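Single-letter residue listing:
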Amino acid sequence: MKTSNCDISIAWKVQPAYFKVNRLAKRKELKLPPRPRILLVRFSALGDVVQTLPILPMLRERYPDAHIGWAIDAELVPAIEGHQMLDRIHPCHRKRWIKAVKNPALWNSTLGEMRAFVDDVRSVNYDVALDLQGLLKTALLTRFSGAARRIGFAHGREFSNFFYDEAYINRKDYFAHHVLHIDHMAYLASVIGCEQGEHKLPLPPPTESTREKIDALMADNFSATDAILAVAPGTQWQSKKWPDHHWIALVRRVLKETSLKILFVGSPADAQLAAHIVSAVAADTPPGRIVNVAGTTKIQELYYLFTKVQAAIASDTAPLHIAGAAAVPHLFGLFGPTASKRTAPIGSADIQIFTTEGSLRCQPCHKRSCPLKTGECLESVYPDEVFNALVQAIPQVSTLLTAR
């Protein structure tokens, strides 16, 4: 089953009225000053951080002189570093602190780091804190921040709602399959006066070193006339992983029947999978048709790299959302355990979603591993369907097939 951008845009249009009818709130009538200090709390993960970026232009349009800070996991700081709409970043070293729990010798220093992190946040004297993640760890920070208004979701995950002054959007509405998650966050911003509308997704601008590295990579491996398909096969959740044999079948057909060049991308954790797929098709691969940079690009390098390709394919993971933010002309998403309309990418002109939603009673399950041990939701998304969509979407591919 394939869905289109049309389905998603309808969900955006109905959102403001939808939440006004269904919100739960404990609202304090505290007005913000003309130049407010606003804290965003979203620690992780990379794909979710990218999905949160539309909140920045919302805030800037309403409060152009605001001081905006963001509390985020330290390893994800590069995802927002240098953003023109952001004034301050508060890195949180959660992973290091969690590891330190096992070593009593590190407890004192770790507690000192944690206090320093909270003190760094409190030193700004934020007027309002928006918890855009809605878990205990992020809700606690809004409480410790000292902000006069602490705003979050009313869904009650990990009892997070007990730490806010104002809580909106109950559990049923928050997990509704047909509601784009970005709209949940946008609604919290609307509580402090921001207007809801079509989402803008500005990425941080690339640094000079990033431009030089990626421009050199592209010049060394591609010509100016090449049509490039970026492939991101890796996932953090095992249940989101499109089967290897499907990736291999799709890549083989692209190599055999089109002029597309294929660029494998991903994190260091994805490098082994990318290498496996490349190796599996090696006998069918003409020289220069595949370039594998999975595991070799940093976050902002991946941002810039996606601006150089004509199409991208990925599961519901960070590369899919980054590709949308980078406005890749043709974007293809493979959805299994997650609701395709809830976490759909935005930004690209042509977004096509492949899912078996509606045909399997267990979907979407939102589980990291398949409860039935079958992986049927992604097993039943077939390579031929994705390939046919590529042929229809990219002129260079259609031209080649017509000539044959």
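All values derive from a computational prediction rather than experimental measurement. (Residues numbered from 1 in each chain as written. Predicted model: local features only at pLDDT ≥ 70, side-chain atom pairs only at ≥ 80, totals over all residues. Heavy atoms only, no water.)

## Let's talk about the nonpolar core
Convention followed: Nine residue types can take part in a nonpolar core, namely buried Ala, Val, Leu, Ile, Met, Phe, Trp, Tyr and Cys, and a core is a set of them joined through side-chain atoms within 4.5 Å. Partly exposed describes any residue whose relative accessible area lies between the buried limit of under 20% and the exposed limit of over 50%, with all areas from a 1.4 Å probe on protein chains only and scaled to the type maximum. Elements are defined by DSSP. Helices are runs of H or I of four residues or more, strands are runs of E of two residues or more, and each kind is numbered from the N terminus. Between two residues, a contact is recorded if the distance between any of their heavy atoms is within 4.5 Å.
Core analysis: the biggest nonpolar cluster contains 74 residues, and Leu-40, Ile-192 and Phe-306 have the highest contact counts within it. For this core, the element with the most residues is helix α8 (residues 181-191), which contributes seven residues. In this structure, Ile-192 is in contact with Leu-32, Ile-38, Leu-59, Tyr-63, Val-128, Leu-130, Arg-149 and Ile-151, ignoring residues within four places of it in sequence. If you look at the next biggest cluster of nonpolar residues, it comprises 35 residues, including Ile-248, Ile-313, Leu-378 and Val-381.

## Some details on the pattern of salt bridges
Going by this rule: Any carboxyl oxygen of Asp or Glu that lies within 4 Å of a side-chain nitrogen of Lys or Arg is treated as forming a salt bridge with it.
For the structure shown, the criterion picks out 18 salt bridges. Linking Glu-61 and Lys-200 is a salt bridge whose minimum nitrogen-to-oxygen distance equals 2.6 Å. Taken together, the residues Glu-61 in helix α3 (residues 55-62) and Lys-200 in the loop between α8 and α9 (208-221) connect sequence positions 139 residues apart. Classification of Glu-61 by relative accessible area gives exposed; the value is 54%. The partly exposed category is assigned to Lys-200, whose relative accessible area is 48%. A salt bridge links Glu-301 to Lys-213; the shortest N-O distance between them is 2.9 Å. Taken as a pair, Glu-301 in helix α12 (residues 299-305) and Lys-213 in helix α9 lie far apart in primary sequence, 88 residues in all. Of the residues examined, Lys-213 reaches a relative accessible area of 35% and is grouped as partly exposed. Here the salt bridges share partners, and the residues they tie into one network are Arg-253, Glu-257 and Asp-384.

## Remarks on the sheet that holds strand β5 (residues 128-131)
Going by this rule: Here, a strand pair is defined by DSSP locating no fewer than two bridges between the strands. To define axes, lines are fitted to C-alpha atoms, for helices over the stretch in contact only, and angles between the resulting N-to-C directions are given on a 0 to 180 degree scale.
With respect to topology, six strands assemble into an open sheet ordered β4-β3-β2-β5-β6-β7, the strand pairing being parallel. Unpaired on one side and paired on the other, β4 (88-92) and β7 (166-168) mark the two borders of the sheet. Strand-to-strand, the axes of this sheet are offset by a mean angle of 20°, without reference to chain direction. Bridge count for strand β6 (residues 149-153) against β7 is three bridges, and the pairing is parallel. From the neighbouring strand, Ile-151 faces β7, where its bridge partner is Glu-166. Its contacts with the sheet put α8 on β5, β6 and β7, and the angle it makes with β6 is roughly 155°.

## What about unusual backbone geometry?
Following Ser-44, the chain continues into Ala-45 via a peptide bond in cis, with omega recorded as -15°. Looking along the chain, the bond that leaves Gln-363 and enters Pro-364 is cis, with omega of 0°. The residue Pro-364 is located in the loop between β13 (350-355) and α14 (376-379) in this model. Look at Phe-159: it is not a glycine, yet its phi comes out positive at around 60°. Tracing the backbone through its elements, the reader meets Phe-159 in the loop between β6 and β7. Notably, Lys-373 is not glycine yet its phi reads approximately 60°, a positive angle.

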